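# Architecture and fold: a report
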Amino acid sequence: MSAVRRISCVMVAAAAAATVLTALPAQAAADGCWGTGPTVTDTLGQRWATRYCNNYRAGDVYNYVDGRWQPVGRLYAGDNWFVCQSHGPDNPPVGDWVNDIWLYTEADEAWAAGGWGGFPATHVSGGVNYGPIPGLSWCPWEEDVLPSGSGE
């Protein structure tokens with residue numbers, strides 16, 4: 001096989017792979033969270049280390065206000081920092097993506113609770129249905145949520 005033909009085959013294979021990757025929803029990628037984000041302080045005065053994750057979709061940040069789970073702000077799409085993740089109520093579904101994991105962060109637009117709360121895992125790249133986002137730690141309160149002996 002000539003060098004030109006081999007290069008052409010490699011280029012066609014690379015183009016086909018790129019087409020497949022761009023056709024998948026962002027959440028299907030196994031990229032999860034990466035890198036160190038800023039150290040932040042929430043409205044309760046707790047300091048937190050953070051990691052960057054890609055939320056491929058903008059969405060509301062939720063928290064318990066006046067005794068109910070409700071939106072407290074909006075997080076724009078992009079590479080954003082998150083503190084940790086924990087189980088909670090089911091996320092708003094995105095197509096076939098469903099989850100009950102929420103990522104603790106601060107909203108870009110705050111409406112209540114200082115904008116601090118949970119962001120749905122269904123809006124973050126790298127997750128799977130009812131699974132954690134790779135590369136992000138569990139929140140310290142997760143131990144209070146998981147049933148004993150669950151091993152998660």
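Residues numbered from 1 in each chain as written. Predicted model: local features only at pLDDT ≥ 70, side-chain atom pairs only at ≥ 80, totals over all residues. Heavy atoms only, no water.

### Looking at the pattern of salt bridges
Within this structure, the stated rule accounts for 1 salt bridge. Between D60 and R74 there is a salt bridge, with its nearest N and O atoms 3.1 Å apart. Of this pair, D60 sits in strand 5 (residues 59-65) while R74 sits in strand 6 (residues 68-75), and the two are 14 residues apart along the sequence. (Salt bridge = Lys/Arg side-chain N within 4 Å of Asp/Glu carboxyl O. Helix = DSSP H or I, 4+ residues; strand = E, 2+ residues; numbered from the N terminus.)

### Focus: the nonpolar core
Judged by nonpolar contacts, the single largest core of 15 residues is most densely connected at C53, F82 and L103. Every element with two or more residues in this core is listed here: strand 5, strand 6 and strand 9 (101-106). When sequence neighbours within four positions are dropped, the list of residues in contact with L103 reads C53, F82, C84, Q85, G117, G118, F119, A121, V124, I133 and L136. Counting residues in each nonpolar core, the second largest holds 8 residues, with V40, W48, W81 and C84 among its members. (Core = buried A, V, L, I, M, F, W, Y, C linked by side-chain atoms within 4.5 Å. Buried < 20%, exposed > 50% of the residue type's maximum accessible area, 1.4 Å probe, protein only. Contact = heavy atoms within 4.5 Å.)

### Brief notes about the pairing of strand 11 (residues 116-120)
Extensive coverage of strand 11 is indicated by the burial of 5 of its 5 residues. Bridge analysis of strand 9 against strand 11 gives 5 bridges, and the strand direction is antiparallel. Across the sheet, L103 pairs through a bridge with F119, a residue of strand 11. (Pairing = 2+ DSSP bridges.)

### Observations concerning the state of the cysteines
Going through the model one piece at a time under the given rule, you end up with 2 disulfides. The disulfide bridge from C33 ends at C53, spanning 1.9 Å between sulfur atoms. Disulfide C33 to C53: torsion about the S-S bond roughly 100°, handedness right-handed. Of this pair, C33 sits in the loop between helix 1 (3-23) and strand 1 (34-36) while C53 is found in strand 4 (residues 51-55), placing the two residues 20 residues apart along the sequence. The pair formed by C33 and C53 is uniform in burial state, with each residue classed as buried. Each sulfur in the disulfide pair C84 and C139 lies 2.0 Å from the other. (Disulfide = S-S within 2.5 Å.)

### Comments concerning the packing of aromatic side chains
The full count for this structure, using the stated rule, is 10 aromatic pairs. Ring centres of W48 and W141 lie 6.0 Å apart, and the angle between their planes is 85°; on these two criteria the pair is classed as edge-to-face. Here the residue W48 occupies a position in strand 3 (residues 47-48), and W141 occupies one in the loop between strand 11 and helix 2 (142-145), the gap between them amounting to 93 residues. Given a relative accessible area of 32%, W141 falls into the partly exposed group. Judged by centre distance (6.0 Å) and plane angle (40°), the rings of F82 and F119 are tilted. Here the residue F82 occupies a position in strand 7 (residues 78-82), and F119 occupies one in strand 11, the gap between them amounting to 37 residues. Residues F82 and F119 agree in their burial class; the two are buried. (Phe/Tyr/Trp six-rings, centres within 6.5 Å; stacked < 30°, edge-to-face > 60°.)

### Here we look at the sheet that holds strand 1
Working definition: the strands of a sheet are paired by backbone hydrogen bonds and lie parallel or antiparallel to each other. Ordered by their spatial adjacency, 3 strands build an open sheet running 1-4-7, and the pairing between neighbours is antiparallel. Two strands bound the open sheet, and with one partner strand each, they are strand 1 and strand 7. Within the sheet, the average angular offset between the axes of one strand and its neighbour, ignoring direction, is 40°. Where strand 4 and strand 7 come together, 5 bridges link them in antiparallel fashion. Residue pairing in the sheet places Y52 in a bridge with W81 of strand 7. (Axes fitted to C-alpha atoms, helices over the stretch in contact; angles between N-to-C directions.)

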